[in-house]
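Analysis of the macromolecular model
What follows is the residue order along each chain.
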Amino acid sequence: MMVIRPINQNDLKSLYRLAEKTGIGFTSLVANEATLQKKINGAVRSFCKENVSSPTDEDYLMVLEDTTTGDIVGTCGILATVGLEEPFYSYHLGTITHASRELGVHNAVPTLILNNDFTGFSEICTLFLEENYRHSKNGQLLSKARFMFMAQFPERFTEKVFAEMRGVSDENGVSPLWESLGRHFFSIDFVQADELTSQGNKQFIAELMPNNPVYVNLLPKEARDVLGQVHTNTAPARRLLEQEGFRYENYVDIFDGGPSLEARVQDIRAVRDSRLCLANIGQPKGAGEGSYYLVSNAKVTDFRCILIQSSIPPDTAMTLTQEEADNLCIKTEDSIRIVELSSNS
């Protein structure tokens with residue numbers, strides 16, 4: 001069975017193995033043991049926090065475990081806030097109008113404006129699934145389990161949440177936007193800039209990045225074409241978020257031009273439509289056919305989420321097998337949260 005759970009101190013080797021597979025541009029998971037250990041420590045502290053009334057520096061990193069083998073095959077996470085300790089930069093793709101009544105000219109020119117507009121907001125991040133497990137709706141479970149946690153514990157997150165998607169770069173880590181813009185100000189390779197930001201070193205951005213608007217029509221076509229576009233490997237993740245109501249509002253990454261998608265938490269489909277019911281343990285009718293449901297417990301430290309299939313819509317109670325209950329760390333009459341996967345998942 002595939003189970004989402006909080007990461008723990010025994011997962012370092014597995015997390016490092018996954019980090020080696022993420023590729024250039026995946027700044028939230030880098031193959032550095034010290035960095036990953038720090039991330040694990042932060043996540044363990046975050047899940048152990050009790051009586052959280054408002055979000056601060058919590059980092060809720062979760063993993064997807066194949067309980068048959070014990071292997072960790074994917075990661076997903078939520079940052080309670082960004083930009084409070086280290087500045088969080090993005091570009092907003094806006095418009096400046098240049099007009100001359102005398103010449104009869106009126107030009108609306110697209111611009112990139114450096115900003116910190118996402119400061120203080122929650123971010124969903126660190127979504128990665130091993131290639132061999134990209135089937136059987138594992139990606140949907142991995143991505144959308146986060147919304148079950150947010151629905152259960154809304155006080156731990158801000159009203160708006162966003163996701164920064166990996167932008168376009170080739171197999172050698174060459175980004176068209178970086179080569180056309182960033183390199184002129186930083187004089188380093190995209191890969192090196194990526195590594196610096198992944199280690200939390202963002203001071204160089206404030207020191208070297210231009211604060212004036214960048215006129216998009218002065219950039220080469222290959223750079224303009226990638227603004228708001230995602231890396232090929234990131235396209236499925238973008239579709240999953242858009243299914244849940246996330247939208248692109250013209251914010252892009254300053255390095256590779258990847259889009260930031262955003263939504264109000266209460267408008268996210270899985271949050272809005274999920275509900276609590278009681279768990280029964282037995283032999284569920286209609287199992288293995290019909291609709292798919294995300295099912296999670298109502299716990300923080302021992303949070304769990306699984307995916308089940310049933311032809312009988314759950315009502316005030318839901319019958320689970322003993323294996324499902326064990327993997328959810330629940331017993332009969334415990335509260336569980338359920339939501340049907342979107343029809344196009």
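Residues numbered from 1 in each chain as written. Predicted model: local features only at pLDDT ≥ 70, side-chain atom pairs only at ≥ 80, totals over all residues. Heavy atoms only, no water.

In the annotation of an unreviewed UniProt entry, the chain is listed under the name Arginine N-succinyltransferase and assigned to Marinomonas colpomeniae.

**Quick word on the overall build of the chain**
Across its full length, the chain carries 10 helices and 15 strands. Against the globule reference of 20 Å for 345 residues, the chain gives a C-alpha radius of gyration of 22 Å, in line with a compact fold. The C-alpha extent of the chain, read off along each of the three principal axes, is 80 × 45 × 40 Å. When the 345 residues of the chain are sorted by exposure, 51% land in the buried category. Taking the intrachain contacts of the chain between residues at least 6 apart in sequence as the baseline, contacts between residues at least 24 apart amount to 72%. Counting only carbon and sulfur atoms, one obtains 46% of the accessible surface of the chain, whose full area is about 16000 Å². Charge-centre separation for the chain: the mean point of 32 positive side chains lies 3 Å from the mean point of 46 negative side chains. (Helix = DSSP H or I, 4+ residues; strand = E, 2+ residues; numbered from the N terminus. Rg over C-alpha atoms; globule rule 2.2 N^0.38 Å. Buried < 20%, exposed > 50% of the residue type's maximum accessible area, 1.4 Å probe, protein only. Contact = heavy atoms within 4.5 Å. Areas by Shrake-Rupley, 256 points an atom, 1.4 Å probe, with all protein chains shown as cover. Lys, Arg positive; Asp, Glu negative; His and termini not counted. Charge placed at Lys NZ, Arg CZ, Asp CG, Glu CD.)

**Points about the layout of surface pockets**
In this structure, the second largest pocket spans a volume of roughly 470 Å³. Around the second largest pocket, the lining is made up of 26 residues, and of these Ala287, Ile308, Gln309, Ser310 and Glu324 lie nearest the centre. Listing elements by their share of the lining of the second largest pocket, those giving two or more residues are helix 3 (138-152), strand 12 (287-297), strand 13 (305-310) and strand 14 (317-320). Taken together, the residues of the lining of the second largest pocket break down into 14 nonpolar, 8 polar and 4 charged. (1 Å grid on protein atoms, 1.4 Å probe; cavity = no way out; pocket = protein on both sides within 12 Å on 5 of 7 lines; lining within 4 Å. Points joined across faces, edges and corners; volume = space filled by probe spheres on them. Nonpolar A, V, L, I, M, F, W, Y, C, P; charged D, E, K, R; others polar.)

**So, the state of the cysteines**
Under the counting rule described, the total for this entry stands at 0 disulfides. Distance from the sulfur of cysteine 125, which forms no disulfide, to the nearest cysteine sulfur (cysteine 76) is 9.0 Å. For cysteine 125, a relative accessible area of 9% corresponds to the buried category. Cysteine 305 supplies the cysteine sulfur nearest to cysteine 329, a cysteine that is in no disulfide, at a spacing of 12 Å. (Disulfide = S-S within 2.5 Å.)

**Some words on the pairing of strand 2 (residues 59-66)**
Regular strands show a simple pattern: their side chains alternate between the two faces of the sheet. Across the 8 residues that make up strand 2, a large majority, 8, are buried. Here strand 2 shows two buried faces, one formed by Asp59, Leu61, Val63 and Glu65 and the other by Tyr60, Met62, Leu64 and Asp66. The pairing of strand 1 (residues 2-6) with strand 2 spans 5 bridges and is antiparallel. Across the sheet, the residue bridging to proline 6 is methionine 62, located in strand 2. Relative to strand 3 (residues 71-79), strand 2 runs antiparallel, the two sharing 8 bridges. Among the inter-strand pairings, leucine 64 is bridged to a residue of strand 3, identified as glycine 74. Counting the residues that bridge the hairpin from strand 2 to strand 3 gives 4 residues, and of these glycine 70 lies at a positive phi of roughly 80°. (Pairing = 2+ DSSP bridges.)

**A closer look at helix 3**
Taking 1.5 Å per residue as the helical rise, helix 3 with its 15 residues ought to reach 21 Å, and the 21 Å between its terminal C-alpha atoms agrees with that figure. Lysine 144 marks the point of greatest bend in helix 3, at about 30°. When you tally the buried positions in helix 3, you get 15 out of 15 residues, the bulk of the element. (Expected span 1.5 Å × (residues − 1). Bend = angle between axes of the 7 residues up to and from the residue.)

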